[in-house]
Amino acid sequence: MNSKSPTDPAPAGADPEQRVFEPEHLRHWSFQGTSLAVLGHPVRHSISPAMHNAALARMARTDPRFHKWCYFKFDIPPDQLPEVLPLFHQHRFRGINLTIPHKTEVLPLLSQIDPDARRMGAVNTLVWTPDGYEGYNTDGYGLSTATAEEPGFPLSSGPVILLGAGGAARAAAVQCLLNSCPELWLGNRNPERLDSLYRDLVTIRKPPTRLETFGLKDLPHDLPGRALIVNATSLGLSPEDPAPVDLASLRGDYSVYDMIYPGPGRPETALLREARRLGFPAAHGLSMLIHQGARSLEIWSGGSVSVDAMRQAAERALAVPEGKKRRG
Ligand code: NAP
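Tallying each qualifying case throughout the model produces two cavities of 30 Å³ or more. Computed from the structure, the second largest cavity encloses a volume of approximately 30 Å³. Lining the second largest cavity, in full, are Gly236, Ser238, Pro239, Asp241, Pro267, Glu268, Thr269, Ala270 and Arg273. Among the residues forming the lining of the second largest cavity, the class breakdown is three nonpolar, three polar and three charged.

What follows concerns the domain arrangement of the protein chain. Domain boundaries assigned for the protein chain yield domain 1 (20–137 + 287–319) and domain 2 (151–280). Spacing between the C-alpha centres of domain 1 and domain 2 amounts to 27 Å. Taken together, the contact between domain 1 and domain 2 spans eight residues of the former and twelve residues of the latter. Interface area, domain 1 with domain 2, both sides summed: about 940 Å², of which 71% is carbon and sulfur. Interface area lost by domain 1 to domain 2 is led by Arg119, Met120 and Leu318, which between them contribute 59%. Applying the counting rule to domain 1 against domain 2 returns zero salt bridges. Broken down by secondary-structure element, the contributors of at least two residues to the side of domain 1 that touches domain 2 are helix H5 (115–120) and helix H11 (286–301). Each residue belonging to the side of domain 1 that touches domain 2 can be placed in one class, and the counts come to four nonpolar, two polar and two charged.

Basis of the calculations
Residues numbered from 1 in each chain as written. Predicted model: local features only at pLDDT ≥ 70, side-chain atom pairs only at ≥ 80, totals over all residues. Heavy atoms only, no water. 1 Å grid on protein atoms, 1.4 Å probe; cavity = no way out; pocket = protein on both sides within 12 Å on 5 of 7 lines; lining within 4 Å. Points joined across faces, edges and corners; volume = space filled by probe spheres on them. Nonpolar A, V, L, I, M, F, W, Y, C, P; charged D, E, K, R; others polar. Domains from an automatic or database assignment. Contact = heavy atoms within 4.5 Å. Buried area = accessible area lost by both parts, 1.4 Å probe. Salt bridge = Lys/Arg side-chain N within 4 Å of Asp/Glu carboxyl O. Helix = DSSP H or I, 4+ residues; strand = E, 2+ residues; numbered from the N terminus.

Pasting the structure below:
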């Protein structure tokens, strides 16, 4: 891996999975292979380089072209994105992933936006073209593939109760509609944000999806009794956070997917602990991260990507304890 580091300015031996690059490094970028990167602020915690470089190493076994591909991480403050994105393009970064806070701010900087990504109002995947970057969103695909796998609840197979109305919830909600989920119940703390999401979804809803909203502190009595509950709030990122809803009080038979995944200093969320106590099928968000990453790499490479290689690298990078590797 070290031989893949940019010769200048990266010091010899720099590990692209650990090293955080900054805008200044881009001005002298001299990596001779095909560069990929994740841009965020902060980005130090990102395990995307570990996942993607593991998948690339697997692909290189059968296609030597991928020996010269490498994925880096860049800390890009939001106010610098308009200035540095053209530099990534100039240095022919073939693919870019975007994480907080760039997924929406990048929209006016793109040459084209995939229609589904436009509906989601955010992109997480950029593809180099001669005219500029094209934007895609693979978060919705990641969620849809993940929930079908574990807890075994495809978004099309029953009602979805989606908690949150931020960026991740918006992508998830649009994906539910794209997958023709029969009922979508949206719950959020802030009613204005919830209303704004609802109004956007109404314009793209295809019948027969039923669309309902509720406040997290005011759960409706007619919530479906069998549904997939998806946590897309940030409640659970801190170990002391409570669950966004009290599962026991809902008195239903639920499957639960929490977009938040455990990692160093971050145990599984209260929502997942409660789901398992109640015997509900449940899973955490690492599978979503892995599937969105695999889809991005498929788009960039046109090749088939080993989800297993990505999963193993992600679990190693997070040191997910045995027995909790896939289930939440
Ligand atoms: P965001 O745009 O900042 O939205 C945050 C959401 O959390 C909003 O709905 C907000 O509600 C809600 N929230 C925050 N604090 C709350 C509290 N104390 N009580 C109730 N609700 C609260 O963030 P995002 O980008 O959508 O991300 C949301 C979560 O999804 C994060 O935890 C992120 O790590 C995770 N995520 C995971 C993946 C994955 O691949 N697994 C991908 C994307 C995101 P208000 O509107 O009321 O403020």
